[in-house]
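An overview of the molecular structure
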Amino acid sequence: MSIKKILFTVLITTASLLPLVTNAQNKIITVSTNKIISEVQPTMWGIFFEDINLGADGGIYAEMVKNRSFEFYQPLMGWTVTQSKFNEGSVLVTNRKEANAANPRYLQITKSNTGDTLGITNEGFRGMGIKKGLRYDFSVLYRQQTNNLKLHIELLSTSGKIIGNAIVSPAEITGKEWKKISLSFTTTDSTLKGKMNVWFEGTGQIDIDMVSLFPEDTWKKRPGGMRADMIQLLADMKPGFIRFPGGCIVEGHDLALRYQWKKTIGPIEARQLIINRWNSEFSHRPTPDYFQTFGLGFFEYFQLAEDIGASPLPILNAGMACQFNTAEVVPIDELDPYVQDALDLIEFANGDISTQWGKVRAAMGHPASFNLKMMGVGNENWGPQYVERLKIFSKAIKARYPDFKLINSSGTDPDGERFNFLNGELRKMNADIIDEHYYRKPEWFLANAARYDNYPRDGAKVFAGEYAAQSDATVSINNKNNLQTAIAEAAFMTGLERNAAVVNLASYAPLFAHIDGWQWTPDLIWVNNLQSYGTPNYYVQKLFSINKGTNVVPALMDGKAVSGQDSLYVSSVIDKSTGEVIIKIVNASNIAINKIIEIKGASKLATKANVTVLKSNSILDVNNFSNPATVSPVNSVISVNGNKLNIVLAANSFTVYRVGI
Ligand code: AHR
């Protein structure tokens, strides 16, 4: 063996014998609980919701029938017709545009021989998730001239077994009148990718529209409501706000396809469907069956915000279509209807029931105000064309509602020419809150954890409106929600929290993704038709939110905020309501680190500290449907020695300490 080889072997052997823990010079992290730096806004940690990745239709909206109103570009998309004998015209797509412009199409079914088989089958959104022993509510709008046709409903399992059925008997001749008939039945088995048959039995002619199926177990058991498991994951986060409806769908591919809140309220059969912008956005992830039915509209989003205790944060179109798509802008002299939409939305949410829009809200079942206090004008818009339009919005809204907070876009990126231009202009305008977006590599999040340490304390506040660490590259299909990205986000979030004087709101994006229908990854929560799980990133968001505290206090090492020294990232808050100090520490290194936390200024320090750790064996670890909790928080209790905590921070971990003070 050569000398070189021997030396190398000795070095390797010695290194492997060294403990995988470092004391990092035994520096102390000092937390002063009596030196309040700033308040933490109740809105601080929230949720970004957009109908992307089947987030609404096929996601939280529990409707199981895809294309229930036959309004997709291809009217029978999602449906197949089965007949024993082909009869031309027995299933006719009919258009009553003059009578019903919002929902013109329906199916006219004609059957002249009792012995023939005629039926339609709906495939659901990537199949239908069906649960054994659960009640399902079927409904349909119909009209018929003879009363001989019956509808035989069957739910089928993935393998084709009948696991639920019912006979719907529209027992009256309605003439020109549309009627709704509903019927509930209970299933005998579960399946992940089922489907629904509607057989027409007997003879006659019947018109059908809005063919619908909902499970009984929706959120708060609301008929026609939301998927409870998905909403529960949101409620568990105790979010400070919920931003809706996006995201790029606010802007739309062109102005005609922008999100218009007034078209999303009222009876669902009158809500005009539009193509979802994410339908064809990525040629590598085409989703031709993606439409926005608006079964979930602004009323439902406000109601959801109220249900989960989050402040509503709607984002409205600023008179500009998506600048990645057509980049259409509305001429300034035609901006009025857009501004009016914003003013009317505030009245819809808050107005007394004697007002025009307050009355509409009350008629939908919510006479009390939704307590709307803020709104975004524009999503990811940039350039002078945005500033010009925004000024008009701001003037009109502030004139009527001086205390209302407006959130303004700073474009798509947290740096660069566009950002610098807008950041400057918006600050000159005395913007209330500036929305910044960061889709960057994990390294960027670590390197920018101190981004706000020297931001101006006066003037505009910051909304970290969309962020997610991209393990590969932005919009790459290879991005993973692994521990590494979650740790990088947690490190960055310590910087947001430490600077709560500047950053008033923050939300990860996107929120949901359906495993068989996504366009964009990474995402906070993944679902299939029956299950949902939180990613490591979800647990980071949740841990920050449920440990939000009320006031920021200093956590210093060598007299400095901890943002990368020894690979550590630290923030601390006190919670005046519970009388605790909460210390959050990220160890972004591959080695465990021993430290001492010294807690100063407490009047009666507890002798025990509650500890919650998020860690795993590898930074590449992810959660999935088989192992949804591989990377999930673990709780323990440690002793407080005098006013000190002797801690061991696991490699690549995020730890939260709570101690009574
Ligand atoms: O979160 C996904 C998309 O990213 C949002 O729709 C958009 O605002 C951003 O570009």
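Residues numbered from 1 in each chain as written. Predicted model: local features only at pLDDT ≥ 70, side-chain atom pairs only at ≥ 80, totals over all residues. Heavy atoms only, no water.

Re the overall build of the chain
Counting secondary structure elements, the chain contains 10 helices and 37 strands. For 661 residues, the compact-globule estimate of 2.2 N^0.38 gives 26 Å, and the C-alpha radius of gyration of the chain, at 28 Å, lies within 12% of that figure. Dimensions along the principal axes, computed over C-alpha positions, put the chain at roughly 90 × 70 × 55 Å. Burial status across the chain gives 57% buried among its 661 residues. Of the contacts formed within the chain by residues at least 6 apart in sequence, a portion of 77% connects residues at least 24 apart. For the chain, the computed accessible surface area is about 26,000 Å², with 53% contributed by carbon and sulfur atoms. (Helix = DSSP H or I, 4+ residues; strand = E, 2+ residues; numbered from the N terminus. Rg over C-alpha atoms; globule rule 2.2 N^0.38 Å. Buried < 20%, exposed > 50% of the residue type's maximum accessible area, 1.4 Å probe, protein only. Contact = heavy atoms within 4.5 Å. Areas by Shrake-Rupley, 256 points an atom, 1.4 Å probe, with all protein chains shown as cover.)

A closer look at the layout of surface pockets
In this model, the largest pocket occupies a volume close to 600 Å³. Around the largest pocket, the lining is made up of 28 residues, and of these Tyr 61, Pro 223, Gly 224, Gly 225 and Ile 268 lie nearest the centre. Broken down by secondary-structure element, the contributors of at least two residues to the lining of the largest pocket are β10 (135–144), β13 (179–186), β15 (204–215) and α3 (298–307). When residues of the lining of the largest pocket are assigned to their parent elements, the largest contribution, 5 residues, is made by β10. (1 Å grid on protein atoms, 1.4 Å probe; cavity = no way out; pocket = protein on both sides within 12 Å on 5 of 7 lines; lining within 4 Å. Points joined across faces, edges and corners; volume = space filled by probe spheres on them.)

A closer look at the site of the ligand
Close to the ligand lie Phe 48, Glu 50, Gly 247, Cys 248, Trp 278, Asn 379, Glu 380, Tyr 439, Glu 466, Ala 509, Pro 510 and Trp 520, which account for all nearby residues. Taking Glu 380, its side chain carries an N or O atom lying 2.7 Å from an oxygen atom of the ligand. Notes on the ligand: free accessible area 280 Å², of which the protein chains cover 96%. A per-class count over the shell around the ligand returns 7 nonpolar, 2 polar and 3 charged. (Near = heavy atom within 4 Å. Polar contact = N/O pair within 3.5 Å; in protein donor to acceptor, adjacent residues only side chain to side chain. Nonpolar A, V, L, I, M, F, W, Y, C, P; charged D, E, K, R; others polar.)

Considering the nonpolar core
With 123 residues, the main nonpolar core has Phe 298, Ile 397, Leu 496 and Phe 654 as its most contacted residues. Each residue touching Phe 298, except ones within four places of it in the same chain, is listed here: Phe 244, Pro 245, Tyr 259, Trp 261, Thr 264, Ile 265, Pro 314, Leu 316 and Leu 345. (Core = buried A, V, L, I, M, F, W, Y, C linked by side-chain atoms within 4.5 Å.)

Some thoughts on the pairing of strand β11 (residues 150–156)
Regular strands show a simple pattern: their side chains alternate between the two faces of the sheet. The element β11 is largely enclosed, with a buried count of 6 among its 7 residues. With 7 bridges joining them, β11 and strand β14 (residues 191–201) adopt antiparallel strand pairing. When the sheet's bridge partners are listed, Leu 155 is paired in β14 with Met 196. Relative to strand β12 (residues 162–168), β11 runs antiparallel, the two being bridged by 6 bridges. The residue of β12 that forms the bridge with Leu 155 is Gly 164. (Pairing = 2+ DSSP bridges.)

Describing the pairing of strand β35 (residues 634–639)
Of all 6 residues in β35, 0 are buried; the element is thus mostly exposed. The pairing of strand β34 (residues 608–614) with β35 spans 6 bridges and is classified as antiparallel. Opposite Lys 608, over in β35, you have Ser 639 as the bridge partner.

Topic: the confidence of the model for the chain
Looking at the chain, the pLDDT average stands at 95 and 96% of residues meet or exceed 70. At the low end of the mean pLDDT range in the chain sits helix α1 (residues 3–17), at 43; at the high end sits helix α10 (residues 536–546), at 99. Long-range and interchain partners of residues 1–19, a stretch whose pLDDT sits below 50, account for 3 contacts in this model, where long-range means more than four residues apart. (pLDDT = per-residue confidence, 0-100.)

A word on helix α2 (residues 228–236)
Among the residues of α2, those classed as buried are Met 230, Ile 231, Leu 233, Leu 234 and Ala 235. Contact partners of the buried residues in α2: β4 (47–48), α3, β25 (512–514), β26 (525–527), β27 (532–534) and α10. Positioned one or two residues after α2, Lys 238 has a phi angle of 45 degrees, which is positive.

Side note on the packing of helix α9 (residues 483–498) against α10
Running from amino to carboxyl end, α9 crosses α10 at an angle of 20 degrees, the nearest separation of the two axes being 8 Å. Of the possible angle classes, the one that applies to α9 and α10 is roughly parallel. At the point where α9 passes α10, the crossing takes the right-handed sense. Contact residues: α9 offers Leu 483, Thr 485, Ala 486, Glu 489, Ala 490, Met 493, Thr 494 and Glu 497, while α10 offers Pro 536, Asn 537, Val 540, Gln 541 and Phe 544. A class-by-class count of the residues in the contact of α9 with α10 yields 7 nonpolar, 4 polar and 2 charged. (Axes fitted to C-alpha atoms, helices over the stretch in contact; angles between N-to-C directions. Parallel < 35°, antiparallel > 145°, perpendicular 65-115°, else oblique. Left-handed = near helix turned anticlockwise from the far one by under 90°.)

Describing the packing of aromatic side chains
As enumerated under the stated definition, the model contains 41 aromatic pairs in all. With a centroid separation of 5.5 Å and 35 degrees between ring planes, the pair formed by Tyr 259 and Phe 298 is classed as tilted. In this pair, Tyr 259 sits in the loop between β16 (241–244) and β17 (274–275) while Phe 298 sits in helix α3, placing the two residues 39 residues apart along the sequence. The pair formed by Tyr 259 and Phe 298 is uniform in burial state, with each residue classed as buried. Across the ring face of Trp 444, the terminal group of Arg 440 is positioned such that the distance to the ring centre comes to 6.0 Å. (Phe/Tyr/Trp six-rings, centres within 6.5 Å; stacked < 30°, edge-to-face > 60°. Lys NZ or Arg CZ within 6 Å of the ring centre and 35° of its normal.)

Structural notes on the environment of Leu 426
In this structure, Leu 426 sits in helix α7 (residues 417–428). Under the relative-accessibility criterion, Leu 426 is labelled buried at 0%. Residues Leu 426 and Asn 408, spaced 18 residues apart in sequence, show a C-alpha to C-alpha distance of 7.6 Å. Residues in contact with Leu 426, not counting those within four places in the same chain, are Leu 390, Asn 408, Ser 409, Ala 431 and Ile 434.

Observations regarding the pattern of salt bridges
Opposite charge on two side chains permits them to pair, given that their charged atoms come into close proximity. Under the definition given, this model contains 32 salt bridges. With a shortest N-O distance of 2.7 Å, Lys 161 and Asp 189 are connected by a salt bridge. Taken together, the positions of Lys 161 in the loop between β11 and β12 and Asp 189 in the loop between β13 and β14 put the pair 28 residues apart, joining distant regions of the chain. By relative accessible area, which is 44% here, Lys 161 ends up partly exposed. Where Glu 580 meets Arg 658, a salt bridge forms, and the shortest distance between an N and an O atom there is 2.8 Å. With Glu 580 in strand β32 (residues 580–587) and Arg 658 in strand β37 (residues 653–660), this pair connects stretches of sequence that are 78 residues apart. Linked through salt bridges whose partners overlap, the residues forming this network are Lys 66, Glu 123, Arg 126 and Asp 289. (Salt bridge = Lys/Arg side-chain N within 4 Å of Asp/Glu carboxyl O.)

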